[in-house]
Amino acid sequence: MSTLNGTATADRYVVIGNPIAHSKSPAIHAHFSLLTAQLIDYQRLLAPLDGFAQTVLSFRDSGGKGANVTVPFKLEAFALATQLTPRAQAAGAVNTLKFEGAVILGDNTDGQGLVADIVRNARVTLQGKRVLLLGAGGAARGALLPLLEQQPAQLVIANRTVARAEELVLLAHQYEPLAGIASIVTSSAFSDVNGEFDIVINATSASLHDDVPPVSSGIFTANTLAYDMMYGAAPTAFLRFAASHEAQIRDGLGMLVEQAAVAFALWRGVLPETASVLAELRSALMAAARSS
Ligand code: NDP
């Protein structure tokens, strides 16, 4: 909270993107604000495609305390940050900024959000498990370090462009704090993935086109958790494919809520409860689908 002429005013935060009208972040943070009794004001902020840094700096100079960053600015936010958390460094992308005097701290909470949704909400442990990560774009890269910190037995990264999966493997091997466990990470083409996995995470954008990465159905068992980072009122093509081979399925709505909670904690020092927010968002999503 800040004070202006002796009157308490809410600290201001924004989510910056282009487009931004669809963002659910203001609703999520409004819930967190109520749940934690932390008075914040959180709005959407549209930045011109060629004006991200200027938009951030003028928001900060007007007294803004922090920002979430979404498509297409996560790489520019990484470049703008003057300090980075280790997970932002490993991700090579930033989705959360915190302004502390002259310092612009950049964090990446997407991967932590994914892990929290799997471990806490779905109650599936990653430790000692065989994990398959499909995709090697920004979301997969952000997930790499938080997934490895859970110490799975094996992490296979499969991607359409195999060279990008190989880059992620190299990144894991070069990252000092992971020395010793990075050897469990390997890359693969979709068609070469074999064996059964405990957890299969779809971090490709194939679901946007109702597509499924061409992996064998033999990766799934009745005990596999198939997770799609994309979310919607209906299961994605990947989740339908996994369910038709007996896997348990989960979409990325919980990841969205959890990444927001981690950002809120970075700004406010309090980790909000998320279950009620997730339940409310889920019913809003279903209601919107029924009325359309
Ligand atoms: P990027 O554009 O950075 O990466 C896209 C990835 O998908 C690449 O690995 C690409 O492979 C692969 N890909 C694209 N099309 C296909 C296809 N038809 N078949 C197989 N692979 C394909 O996207 P992001 O990493 O930012 O996002 C990925 C997904 O994660 C999106 O669906 C996004 O909505 C979701 N997401 C969800 C979040 C949440 O909070 N729930 C947060 C962030 C992302 P290649 O390298 O060969 O091009």
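Above this text is the structure in question.
Residues numbered from 1 in each chain as written. Predicted model: local features only at pLDDT ≥ 70, side-chain atom pairs only at ≥ 80, totals over all residues. Heavy atoms only, no water.

Draft legend 1. Region of interest: the overall build of the protein. Per the secondary structure count, the protein includes 10 helices and 14 strands. On C-alpha atoms alone, the protein measures out to a radius of gyration of 19 Å, which is about the 19 Å that the 2.2 N^0.38 rule sets for 292 residues. Counting only C-alpha atoms and orienting by the principal axes, one finds that the protein spans roughly 65 × 45 × 35 Å. Relative to its 292 residues, the protein shows a buried fraction of 48%. Sequence separation of 24 or more characterises 67% of the internal contacts of the protein that already satisfy a separation of 6 or more. When the 20 basic and 24 acidic side-chain charges of the protein are each reduced to a single mean position, those positions are 5 Å apart. (Helix = DSSP H or I, 4+ residues; strand = E, 2+ residues; numbered from the N terminus. Rg over C-alpha atoms; globule rule 2.2 N^0.38 Å. Buried < 20%, exposed > 50% of the residue type's maximum accessible area, 1.4 Å probe, protein only. Contact = heavy atoms within 4.5 Å. Lys, Arg positive; Asp, Glu negative; His and termini not counted. Charge placed at Lys NZ, Arg CZ, Asp CG, Glu CD.)

Draft legend 2. Representation of the sheet that holds strand 11 (residues 185–188). A sheet is described by the order of its strands in space; here 6 strands give the open sequence 11-10-9-12-13-14, paired in parallel fashion. Of all the strands in the sheet, the pair left with one neighbour each is strand 11 and strand 14 (248–251). For this sheet, the mean angle separating the axes of adjacent strands, direction not counted, is 20°. With 4 bridges connecting them, strand 9 (residues 130–134) and strand 12 (residues 199–202) associate as parallel partners. Each bridged residue has a counterpart across the sheet, and for Leu 133 the counterpart in strand 12 is Ile 201. Those strands touched by helix 5 (residues 110–121) are strand 12, strand 13 (225–228) and strand 14, and its axis lies near 145° from that of strand 13. Contacting strand 10 (154–158) and strand 11, helix 7 (residues 162–174) crosses the sheet at an angle of about 170° to strand 11. (Pairing = 2+ DSSP bridges. Axes fitted to C-alpha atoms, helices over the stretch in contact; angles between N-to-C directions.)

Draft legend 3. Up close: helix 6 (residues 138–149). Of all the positions in helix 6, only Ala 140, Gly 142, Ala 143, Leu 144, Leu 145, Pro 146, Leu 147 and Leu 148 are classed as buried. Phi for Gln 151, located one or two positions after helix 6, is positive at around 55°.

Draft legend 4. Summary view of the side chain of Asn 108. Examined against the element boundaries, Asn 108 turns out to sit in the loop between strand 8 (103–107) and helix 5. Among the polar contacts listed, one links the side chain of Asn 108 to the backbone nitrogen of Asp 110, at a separation of 3.1 Å. Once you skip the residues sitting within four places of it in the chain, Asn 108 turns out to touch Thr 85, Arg 87, Ala 88, Ala 91, Ala 93, Val 94 and Asn 95. (Polar contact = N/O pair within 3.5 Å; in protein donor to acceptor, adjacent residues only side chain to side chain.)

Draft legend 5. Up close: the site of the ligand. Near the ligand, the surroundings consist of 20 residues, among which Ala 139, Asn 159, Thr 161, Arg 164 and Met 229 are the closest. One of the backbone nitrogen or oxygen atoms of Met 229 is found 2.9 Å away from a nitrogen atom of the ligand. Isolated, the ligand exposes 940 Å² of accessible area, and the fraction of that covered by the protein chains is 77%. Elements with a minimum of two residues in the shell around the ligand: helix 6 and helix 9 (253–268). Across the shell around the ligand, the residue classes break down as 9 nonpolar, 8 polar and 3 charged. (Near = heavy atom within 4 Å. Areas by Shrake-Rupley, 256 points an atom, 1.4 Å probe, with all protein chains shown as cover. Nonpolar A, V, L, I, M, F, W, Y, C, P; charged D, E, K, R; others polar.)

Draft legend 6. View of the pairing of strand 10. Of all 5 residues in strand 10, 4 are buried, a share of seventy percent or more. Two elements, strand 9 and strand 10, share 5 bridges in a ladder whose sense is parallel. Counterpart to Arg 130 in the pairing with strand 10 is Gln 154. Each parallel crossover has a hand, and for strand 9 linked through helix 6 to strand 10 it is right-handed. Looking at chain direction, strand 10 and strand 11 are connected through 4 bridges and run parallel. Of the residues in strand 11, the one forming a bridge with Ala 158 is Ser 188. Since strand 10 and strand 11 lie parallel, the crossover through helix 7 that links them has a hand, and here it is right-handed. (Right-handed = clockwise from strand over helix to strand, strands pointing away.)

Draft legend 7. Spatial organisation of the packing of aromatic side chains. Applying the stated criterion across every chain yields a total of 7 aromatic pairs. Measuring from centroid to centroid gives 6.2 Å for Phe 220 and Phe 238, while their planes differ by 55°, and the two rings are tilted. Within this pair, whereas Phe 220 is found in the loop between strand 12 and strand 13, its partner Phe 238 is found in helix 8 (residues 237–243), the two being separated by 18 residues in sequence. The buried category is assigned to Phe 238, whose relative accessible area is 0%. An aromatic cluster of at least three residues, connected via ring pairs, comprises Tyr 13, Tyr 42 and Trp 267. In this structure, Arg 130 packs its charged tip against the face of Phe 197, placed 4.5 Å from the ring centre. (Phe/Tyr/Trp six-rings, centres within 6.5 Å; stacked < 30°, edge-to-face > 60°. Lys NZ or Arg CZ within 6 Å of the ring centre and 35° of its normal.)

Draft legend 8. Spatial organisation of the side chain of Asn 159. Tracing the chain through its elements places Asn 159 in the loop between strand 10 and helix 7. The exposure class assigned to Asn 159 is buried, which follows from its relative accessible area of 8%. A distance of 3.0 Å separates a polar side-chain atom of Asn 159 from the backbone oxygen of Thr 161. If we skip the residues at most four places from it in the chain, Asn 159 touches Gly 135, Ala 136, Arg 164, Ala 165, Ser 188, Ala 189 and Phe 190.

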